Amino acid sequence: MKRCIHVMNMCTNVQRPVLLVGEMGVGKTLLMREKLRNSQALEGLQVTLNCDNFTDGYVLSNRLHEHMEWKAANYYDPKNSRYLICFIDNLNMAKVEEDGQMTVSETIRQHIDHTFIFSKSTMSLNHLRNTVYNVTCGLNHKLSTRFSRHFAAFVLHYPEKAALKHIFSAVTKSKLSSCSINSSKFSELSEDRLSQEEITQDLVGSIIRITIEVQDRLRSMYLPTKERCHYLFTLRSISNIFRNLLVSLKPKDNTAKDLLMLWSHEMSCGYSYRMISTVDKERFQQTFAMSAKKYFSKEDYVALCTAVDPPLFSSIVGSDAYHGYEVPTGSEGALREYRAMPDSGSVVTRMRHNISEFVKHFGSINIELYESTISLISRVVHVLQNPHDIGHVLLVADGCADIANKVAAIAASILGEVLYKRFRVTSSPT
């Protein structure tokens, strides 16, 4: 990665456009942002355009003109800078016209070929000088030869298992070592006490290997189809699992049981929750159990990870909530209180209280608090509390679209009335 960033910076220094191509979720945007961060010292003005279905050539033209200043006639230069670095993310997502042409790519090609862009506001051709394009694009998107010939192209592939293990081992072990972990209580599942070094190398290493192997098998097991369009197993999937795992650990006195139960729960939420059929979920559980038996030498660890009736995890009650409920104070404290509950009674009590408060302000809401519903609401609350960029939720209801609205309403009412107004989910007219 460092070599790739270094070569891309060399291309930028000589104003050579850069094209980064790869499949979804391999880190194209992250790599390009790191490259742009390193380019800030080169006196280059930067502008970012995230493409979507409404992004066309006029949007790109307006964005470029915002960062240009008039020099003479119809010639423009970047404002107070040597050159302008235009980062276009996900070019394959840009708007496609009825004739099949993508005006964004054609506008870029025209600008590189002839140094001018048509301005819709002035109805003239303006020469925008000293502009360098850095573009990311999906692997399956077909680019014309007239467009791609101008770029120094780099292809990113999905990392191998050894590379993934190296990446997540470094991050996970450094985080666990920074936490105040009581090694004498970390291995309550076994009579043998483990040292801190043995825990980090053995248990955590096995967890990382199992997670990588499970995702690798799921990528080959579930091929993209129309019904499974959301079955996306990318680097972001693994990253989200370990992020949630590390941010939810208690600051001290963790046990192997706590770690394994929380990790097994995050695996289910990351993979099983998005699957649409019972058969797909069973295949995931079989894959998970097979990998756990392969890497765990202790039967207690395997039994804990493959439990048929896993415990309920929740963060909507405080530390003294086993005999009542209590609102957790502080975002960091709330995140670290996400743990296995001894029973769902206190969670149900809290949810019923919030439903009654919701009815007072917004009207009646009818929802049955089944175990799956309670678990889903608890998960949504926890995700919305996350302080990083994975605090987003997409609820898809099969057969009863209104249940997604109710789950979002209850989860948001637990966090506060204002959040519900911001995260309101509406039913699609179709």
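Below: a short report on this structure. (Residues numbered from 1 in each chain as written. Predicted model: local features only at pLDDT ≥ 70, side-chain atom pairs only at ≥ 80, totals over all residues. Heavy atoms only, no water.)

### Points about the overall build of the protein chain
Next, step 1: Counting secondary structure elements, the protein chain contains 16 helices and 11 strands.
Next, step 2: Considering the protein chain as a whole, with its 430 residues, one finds that 45% of them fall into the buried category.
Next, step 3: The contacts of the protein chain with a sequence gap of at least 6 include a subset with a gap of at least 24, amounting to 71%. (Helix = DSSP H or I, 4+ residues; strand = E, 2+ residues; numbered from the N terminus. Buried < 20%, exposed > 50% of the residue type's maximum accessible area, 1.4 Å probe, protein only. Contact = heavy atoms within 4.5 Å.)

### Details of the sheet that holds strand β9 (residues 152-156)
Next, step 1: Taken in spatial order, the five strands make up an open sheet running β2-β5-β8-β1-β9, and their pairing is parallel. Here the strands that pair on one side only, and so sit at the sheet edges, are β2 (44-50) and β9. Looking at each pair of strands side by side, their axes are set apart by 15 degrees on average, direction ignored.
Next, step 2: Running over the sheet, helix α1 (residues 2-13) touches β1 (18-22), β5 (83-89), β8 (131-138) and β9 and is turned about 160 degrees from β9. (Pairing = 2+ DSSP bridges. Axes fitted to C-alpha atoms, helices over the stretch in contact; angles between N-to-C directions.)

### Regarding the packing of helix α9 (residues 256-270) against helix α10 (residues 278-295)
How two helices sit against one another is set out by the angle between their axes and by the gap between those axes.
Next, step 1: Across the interface, α9 lies against α10 with an axial gap of 11 Å and an inter-helix angle of 145 degrees. Relative to α10, the crossing made by α9 is right-handed. Residues Trp263, Ser264, Met267 and Ser268 of α9 touch α10, and the partners they reach there are Phe284, Gln285 and Phe288.
Next, step 2: Tallied by class, the residues present in the contact of α9 with α10 amount to four nonpolar, three polar and no charged. (Left-handed = near helix turned anticlockwise from the far one by under 90°. Nonpolar A, V, L, I, M, F, W, Y, C, P; charged D, E, K, R; others polar.)

### Observations regarding the side chain of Asn354
Next, step 1: Mapped onto the secondary structure, Asn354 falls in helix α13 (residues 345-362).
Next, step 2: Leaving out residues up to four positions away in the same chain, Asn354 has contacts with Ser413 and Ile414.

### So, the packing of aromatic side chains
Next, step 1: The final tally for this structure, using the stated rule, is 12 aromatic pairs.
Next, step 2: The interplanar angle of 15 degrees and the centroid separation of 6.0 Å between the aromatic rings of Phe284 and Phe288 together place this pair among those described as stacked. One end of the pair, Phe284, and the other, Phe288, are both in helix α10, four residues apart, so they sit about a helical turn from each other.
Next, step 3: Plain terms: the ring middles of Phe313 and Tyr338 are 5.9 Å apart, the flat faces sit at 40 degrees to each other, and that makes the pair tilted. Remark: Tyr338 occurs in the loop between α12 (331-336) and β11 (339-340) and Phe313 occurs in strand β10 (residues 313-314); sequence separation between them is 25 residues. (Phe/Tyr/Trp six-rings, centres within 6.5 Å; stacked < 30°, edge-to-face > 60°.)

### Observations regarding α1
Next, step 1: Along its 12 residues, α1 runs 16 Å from first to last C-alpha, staying within 8% of the 16 Å computed at 1.5 Å per residue.
Next, step 2: When we look at burial in α1, the residues that qualify are Cys4, Ile5, Met8, Asn9, Cys11 and Thr12. Each buried residue of α1 sits inside an arc of 155 degrees when the element is viewed along its axis, so together they form one side. Turned more than 90 degrees off the buried face of α1, the exposed positions are Lys2 and Arg3. (Expected span 1.5 Å × (residues − 1). Arc of directions from axis to C-beta.)

### Some details on the nonpolar core
Next, step 1: Core analysis: the biggest nonpolar cluster contains 57 residues, and Met8, Leu260, Trp263 and Phe296 have the highest contact counts within it.
Next, step 2: At eight residues, the largest contribution of residues to this core is made by helix α7 (residues 196-221).
Next, step 3: One finds Leu19, Cys51, Tyr76 and Ala94 within the second-largest nonpolar core, a separate group that totals 24 residues. (Core = buried A, V, L, I, M, F, W, Y, C linked by side-chain atoms within 4.5 Å.)

### Remarks on unusual backbone geometry
Next, step 1: In the Ramachandran plot, Gln15 falls in the positive-phi region, its phi being about 55 degrees despite a non-glycine side chain.
Next, step 2: Relative to the elements of secondary structure, Gln15 occurs in the loop between α1 and β1.
Next, step 3: A positive phi angle, close to 55 degrees, is found at Ala73, a residue other than glycine.
Next, step 4: Tracing the backbone through its elements, the reader meets Ala73 in the loop between β3 (68-72) and β4 (75-78).
Next, step 5: For Ala73, a relative accessible area of 60% corresponds to the exposed category.

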